[in-house]
Structure formats: structure tokens, C-alpha cells
Amino acid sequence: MPSESSSSPAARDTPAALKLALEQSHEVRDKVEECADDLETNNDSVKQRIADGATTLSAQESLNESEAVASKVQECVDDLHQVTETLTQGVEDLKKVERALARSRQALAETETSLAASKEDERRSRLLALHDAATGLPNLRLFDDRLSHAISLAERQQWMLAVMFLDLDDFKSINDTHGHAAGDIVLKEVARRMLEHARDEDTVCRKGGDEFLYLLVNPQGAENVERIATHIVANITVPIRIGALDLVVSPSIGIALFPEHATTGADLIARADAAMYRAKQQMRGYAFHEQADSTDKATPAIS
């Protein structure tokens, strides 16, 4: 069964049908004008004959003239009917096209909305896959990737890198005494304070639990690294207000330098970790990697 849109030539090609209707209307107009001219000529002829003294007109002659005009008028009527049908069909087809366009626009808008939502979901998924849910910091996976890129750049540019390994002293007692909700608030606040003065090129990461990593790109000397570590210790030990409580946490920080202490990401993190345990045992706040760190980690302090 043919579809509704293919039921007529006009429906198959609406612009062409309307153009044809316009041409036909012009032809009808010309015919109507011819009929008017013929009627005017006949009328003038009759008047002239009367003026010339004719008292009778040939019935056949008048009939012939009337039939001729009537035939032309009927043609005009038929043509007008056809034009009307064509225009009606064309207008209806245009309405159908407009309705179809409206549906298409609506479908396109819905598709764009769905696509935007999908992209946002994908962005959030990527964000969650590379960031810690509790603090919003980059996770270890993202940190490792950035550290790898930083090492490649430092090798080309002859830069220094510093990896800090930070652990919160006696953090377990906060969870045990005040609950995990309080512990989560402390972790978020520590993360915020570490980010407070971090540069765009640096990366602060939550490794897990109460452990954090901090990558410094081109700090331009161990003295600057030491200054930053001192500032982090002082900033984190400021009391954290939770309701009526003022909780104080202190960090222990181990530091390893590229290329002085290690040249791979894994070794930098491991040596910073060992230095952190030495800083914790000696209650020094922070410590740089030393050769003896490889044995220090055998008896770590309990955090």
C-alpha cells in the first residue's frame, strides 16, 4: 500500500506542486480575462446592431456566441477546481513537513540533552576513577601517571623533583575516640590545607587511609623543599574545629629527591616512605631520604 506522502504528485514534491498551481492560476486568470473580453465584444456587437436599426438578432448566432463563452467559463471553473485541489494538497503537505520538522527538532533536542548527560556521566566516571571519593584529591593511579610524566620532563630539562610521603600521627585514635565521621572531616581538612598553597604543576594525592603523597615539580633546590615541608607541618597542626571539639593532628613527612635519591617513580615513593618512618620515630616532623632508610622501615612506628 502506498504511503500517504506518495498519494499524489503534489505530495511527492510539494514545492513543485505549488509552483505548478501558481502557473495554472496564471493560465486561469488569462482565460477569465479572455472570457471578459469576449463578453464585452458580444455586448458591444449587440449594442451596435441595435443602434444600426436591427430589430431582431439571429437566435442561432446568439446561442453560438453564448455557448462559446460558457465553454470558456466552464474551462476556467475546471481549472480553478484543479488549482484549488493542488493548493489544498500542497498546503496540507507543507503542514505535514512542518510537523515532521518540529518532531525532528524535538528529537534532536532530546538527543543533544541525552548526549550531554552521557558526556557528563562519562566525565564523572573518569573523575571518580582517578580521584579519591572522600577528599577529592587525585588517587594513587593518577599520581603515578603524573609522576611518570614529571620524571620524563625533569630528565629533559635537568630539573629536580621532590616526592613527599605524609602520614598523620596517631590518626587511629581519632576514629576510635570520636568516630569515623570525625576522622573523615579531619582527612578532608588536611587535604584542603595541603592544597591551599600547592602550585598548579604540583600534585597532592591521597594514597589511602591517612597517607598522602605530594609531588613538587622543579622546586629549585632542597632548601625550598625543606621550607615547603616546614610550612605543611605547621599548617596541618593547627587545631581542627569539629563542633565543640578542637582536634590536633601532626604529620610525619618523608622526602626523596630526583635524581639525587632515585630515578624511578616507584623508588622515589619507597624511599620517601622509608624517610617518613624515620621522621615519625624521631618525631622530627620531616626527614630527607638517607642511605640508612632501607633498614629504618623494618621497625616502623604505629600510626
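Described below are features of the structure shown in this document. (Residues numbered from 1 in each chain as written. Predicted model: local features only at pLDDT ≥ 70, side-chain atom pairs only at ≥ 80, totals over all residues. Heavy atoms only, no water.)

1. What to know about a negative patch on the surface
Turning to step 1, where the next piece is worked out: Taken together, Glu 33, Glu 34, Asp 37, Glu 40 and Asp 44 make up a surface patch of like negative charges.
Turning to step 2, where the next piece is worked out: Mapped onto the elements of the fold, Glu 33 is located in helix H2 (residues 14-51). (Patch = residues over 30% accessible without salt bridge, like charges linked within 9 Å, V, L, I, M, F, W, Y side chains within 5 Å. Areas by Shrake-Rupley, 256 points an atom, 1.4 Å probe, with all protein chains shown as cover. Salt bridge = Lys/Arg side-chain N within 4 Å of Asp/Glu carboxyl O. Lys, Arg positive; Asp, Glu negative; His and termini not counted. Charge placed at Lys NZ, Arg CZ, Asp CG, Glu CD. Helix = DSSP H or I, 4+ residues; strand = E, 2+ residues; numbered from the N terminus.)

2. Notes on the sheet that holds strand S3 (residues 211-217)
Turning to step 1, where the next piece is worked out: Strands sit in the order S2-S3-S1-S6-S7 across an open sheet of 5 strands; the sheet is mixed. The open sheet terminates on both sides in strands that have one partner only, identified here as strand S2 (203-208) and strand S7 (286-288). The mean angle between the axes of side-by-side strands here comes to 20 degrees, regardless of whether they run parallel or antiparallel.
Turning to step 2, where the next piece is worked out: In this sheet, S3 lies alongside S2 in antiparallel orientation, the contact comprising 5 bridges. From the neighbouring strand, Val 204 faces S3, where its bridge partner is Tyr 214. (Pairing = 2+ DSSP bridges. Axes fitted to C-alpha atoms, helices over the stretch in contact; angles between N-to-C directions.)

3. Considerations on the nonpolar core
Turning to step 1, where the next piece is worked out: Met 164, Val 186, Phe 212 and Ile 255 are the most contacted members of the largest nonpolar core, which totals 32 residues.
Turning to step 2, where the next piece is worked out: Broken down by secondary-structure element, the contributors of at least two residues to this core are strand S1 (161-168), helix H6 (180-196), S3, helix H7 (222-236), strand S4 (240-242), strand S6 (251-258) and S7.
Turning to step 3, where the next piece is worked out: Counting 20 residues, the second largest nonpolar core, distinct from the first, contains Ala 256, Ala 262, Leu 268 and Ile 269. (Core = buried A, V, L, I, M, F, W, Y, C linked by side-chain atoms within 4.5 Å. Buried < 20%, exposed > 50% of the residue type's maximum accessible area, 1.4 Å probe, protein only.)

4. A look at the pattern of salt bridges
Turning to step 1, where the next piece is worked out: All chains considered together, the criterion is met by 12 salt bridges.
Turning to step 2, where the next piece is worked out: With a shortest N-O distance of 3.2 Å, Arg 206 and Asp 132 are connected by a salt bridge. Here Arg 206, found in strand S2, pairs with Asp 132, found in the loop between helix H3 (59-130) and helix H4 (140-157); they are 74 residues apart in sequence, far enough to count as distant. Exposure class is identical for Arg 206 and Asp 132. Each is buried.
Turning to step 3, where the next piece is worked out: Across the pair Lys 172 and Asp 176 runs a salt bridge, and its minimum N-O distance is 2.8 Å. Taken together, the residues span about one helical turn, with Lys 172 and Asp 176 both in helix H5 (residues 172-178) at a distance of 4 residues.
Turning to step 4, where the next piece is worked out: Assessed through its relative accessible area of 52%, Lys 172 is described here as exposed.
Turning to step 5, where the next piece is worked out: For Asp 176, a relative accessible area of 54% translates into the label exposed.
Turning to step 6, where the next piece is worked out: Here the salt bridges share partners, and the residues they tie into one network are Glu 189, Arg 192, Arg 193 and Glu 196.

5. Describing unusual backbone geometry
Turning to step 1, where the next piece is worked out: Here the bond from Phe 258 into Pro 259 is cis, since omega is 0 degrees, no more than 30 degrees from zero.
Turning to step 2, where the next piece is worked out: By secondary structure assignment, the location of Pro 259 is in the loop between S6 and helix H8 (265-282).
Turning to step 3, where the next piece is worked out: Phi at Met 283 is positive, roughly 50 degrees, even though this residue is not glycine.

6. Quick word on H8
Turning to step 1, where the next piece is worked out: Look at H8: 26 Å from first C-alpha to last across 18 residues, which is about the 26 Å you get at 1.5 Å a residue.
Turning to step 2, where the next piece is worked out: For H8, the set of buried residues is Gly 265, Leu 268, Ile 269, Ala 272, Asp 273, Ala 274, Ala 275, Met 276, Tyr 277, Arg 278, Ala 279 and Lys 280.
Turning to step 3, where the next piece is worked out: Where H8 ends, the next residue or the one after it, Met 283, has phi of about 50 degrees, a positive value. (Expected span 1.5 Å × (residues − 1).)

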